[in-house]
Amino acid sequence: MRTASETDSTDGVLAEQLLRLTRRLHRIQKHHLEPLGITPAQSRLLRLVSHYDGDRPPRMADLAARLEVVPRAVTTLVDGLEAAECVRRAPDPANRRVIRIELTDTGRATLRRLRSARTDAAEEILAPLTAEQRDVLGGLLNALTDAPADAPPERRC
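Below you will find a few notes about this structure.

**Structural notes on the overall build of the protein**
Phase 1 of the analysis: Counting its regular elements, the protein contains six helices and two strands.
Phase 2 of the analysis: For the protein, the proportion of contacts with a sequence separation of at least 24, taken over those separated by at least 6, is 49%.
Phase 3 of the analysis: Entry remark: accessible area of the protein is about 11000 Å², with carbon and sulfur atoms responsible for 55%.

The structure is reproduced here in structure tokens:
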């Protein structure tokens, strides 16, 4: 049985490893996205807009809420994606004061290339793992991502 101090130490090491992995994932993803001229943040926004494709396009406020960022950050991302002709601003037909963000054909093509870049990045990061290890990792990550955010961590005695 581990003591509280041993558990705290192990948890601290695990947290540091997760942070290092997150930074590594970000670097690898950024490396694979650079040839497309898209940042990881723009990639997330483009994927989010694509989820609305065919439905009513999102408002900037919808995107900010879903990304959990301030609206100004979305404006900057949309500006960059609009300059790359991946999205366009369009007035809402029911309320002309509301601006909706629509995916363009260029945006759809960019999304296809983004999916390929993300697959390449995933293959690079997971290369050291066997198929069995990948399955175990997937289960562990599901347990972590599906845990309620406000649930207190379980403690072993």
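After that view of the structure, there is still more to cover.
**Some words on unusual backbone geometry**
Phase 1 of the analysis: Notably, E68 is not glycine yet its phi reads approximately 60°, a positive angle.
Phase 2 of the analysis: Looking at the secondary structure, you find E68 in the loop between α3 (60-67) and α4 (71-83).
Phase 3 of the analysis: For E85, which is not glycine, the phi dihedral falls at a positive 60°.
Phase 4 of the analysis: Among the structural elements, E85 can be located in the loop between α4 and β1 (87-91).

**Thoughts on the nonpolar core**
Phase 1 of the analysis: Of all hydrophobic cores here, the largest spans 21 residues; its most connected members are L45 and L46.
Phase 2 of the analysis: Looking at this core, the elements with two or more residues in it are α2 (40-51), α3, α4, β2 (99-103) and α5 (105-126).
Phase 3 of the analysis: Discounting chain neighbours no more than four positions away, the residues touching L45 are L63, L67, V74, L77, V78 and L81.

**Focus on the pattern of salt bridges**
Phase 1 of the analysis: The tally for this structure, following the rule as stated, stands at nine salt bridges.
Phase 2 of the analysis: Two residues, D62 and R100, come together in a salt bridge whose shortest N-O distance is 4.0 Å. Here the residue D62 occupies a position in helix α3, and R100 occupies one in strand β2, the gap between them amounting to 38 residues.
Phase 3 of the analysis: Among the charged side chains, a network of salt bridges with common partners joins R56, R59, D62, D92 and R100.

**What to know about the side chain of T110**
Phase 1 of the analysis: For T110, the position within the fold is in helix α5.
Phase 2 of the analysis: If we skip the residues at most four places from it in the chain, T110 touches I38, L46 and C86.

**Description of the environment of R24**
Phase 1 of the analysis: Residue placement: R24 occurs in helix α1 (residues 4-33).
Phase 2 of the analysis: Residues R24 and I125, 101 residues apart in the sequence, show an inter-C-alpha distance of 8.3 Å.

**Some points on a positive patch on the surface**
Phase 1 of the analysis: Judged by side-chain charge, R112, R113, R115 and R118 come together as a positively charged surface patch.
Phase 2 of the analysis: Assignment of secondary structure puts R113 in helix α5.

**Looking at the packing of α2 against α3**
Phase 1 of the analysis: One can describe the packing of α2 onto α3 by two numbers: an axis separation of 11 Å at closest approach and a directional angle of 115°. Relative to α3, the crossing made by α2 is right-handed. Residues R44, L45, L48 and V49 of α2 pack against L63, R66 and L67 of α3.
Phase 2 of the analysis: Split into classes, the residues belonging to the contact of α2 with α3 amount to five nonpolar, no polar and two charged.

**Remarks on the packing of α2 against α5**
Phase 1 of the analysis: Contact geometry for α2 and α5: axes closest at 10 Å, N-to-C directions at 120°. Relative to α5, the element α2 lies oblique. By crossing handedness, the relation of α2 to α5 is classed as left-handed. Along the contact surface, α2 presents S43, L46, R47 and S50, while α5 presents G107, T110, L111, L114 and R118.
Phase 2 of the analysis: Of the residues belonging to the contact of α2 with α5, the class tally is three nonpolar, four polar and two charged.

**What to know about a nonpolar patch on the surface**
Phase 1 of the analysis: A contiguous nonpolar surface patch, about 430 Å² in accessible area, is contributed by L18, L21, L25, L141 and L144.
Phase 2 of the analysis: At the level of elements, α1 and α6 (131-146) are the ones that each hand at least two residues to the nonpolar patch.
Phase 3 of the analysis: It is α1 that contributes the most residues to the nonpolar patch, three residues altogether.

Cut-offs and rules
- Along each chain, numbering runs from 1 in the same order as the chain's sequence is written.
- Per-residue local features of the predicted model are confined to residues with pLDDT of at least 70, and side-chain atom pairs are confined, for both listing and counting, to 80 or more; whole-chain, interface and lining totals are unaffected and use all residues.
- The basis for every side-chain value is the complete set of non-hydrogen atoms in the structure, without hydrogens or water.
- To qualify as a helix, a DSSP run of H or I must reach at least 4 residues; to qualify as a strand, a run of E must reach at least 2; elements of each kind are numbered from the N terminus.
- The contact definition used throughout considers only heavy atoms, calling two residues in contact when any of these lie within 4.5 Å.
- Computed with the Shrake-Rupley method and a 1.4 Å probe, the accessible areas treat only the protein chains shown as cover for residues.
- Buried residues of nine kinds, namely Ala, Val, Leu, Ile, Met, Phe, Trp, Tyr and Cys, make up a nonpolar core once their side-chain atoms join them within 4.5 Å.
- Exposure classes here rest on a 1.4 Å probe applied to the protein chains alone. A residue is buried below 20% of its type maximum, exposed above 50%, and partly exposed in between.
- A pair is scored as a salt bridge if a Lys or Arg side-chain nitrogen falls within 4 Å of a carboxyl oxygen belonging to Asp or Glu.
- In this scheme, patches are assembled from residues that exceed 30% relative accessible area and form no salt bridge. Like charges are connected within 9 Å, while nonpolar side chains (Val, Leu, Ile, Met, Phe, Trp, Tyr) are connected within 5 Å.
- Under the counting rule used here, the positive set is Lys and Arg, the negative set is Asp and Glu, and His together with the chain ends is not counted.
- Charge positions come from single atoms, namely NZ of Lys, CZ of Arg, CG of Asp or CD of Glu.
- Axis lines are fitted through C-alpha atoms, for helices just across the contact stretch, and the angle between N-to-C directions can take any value from 0 to 180 degrees.
- The hand of a helix crossing depends on one turn: near helix anticlockwise from the far one by less than a right angle means left-handed, and clockwise means right-handed.
- Gly counts as polar in this scheme, as do all residues outside two lists: the nonpolar Ala, Val, Leu, Ile, Met, Phe, Trp, Tyr, Cys and Pro, and the charged Asp, Glu, Lys and Arg.
- Geometric relationships in this document are graded by angle, where less than 35 degrees denotes roughly parallel, more than 145 denotes roughly antiparallel, 65 to 115 denotes roughly perpendicular, and other angles denote oblique.

Interpretation in functional terms is not warranted from these geometric data alone.
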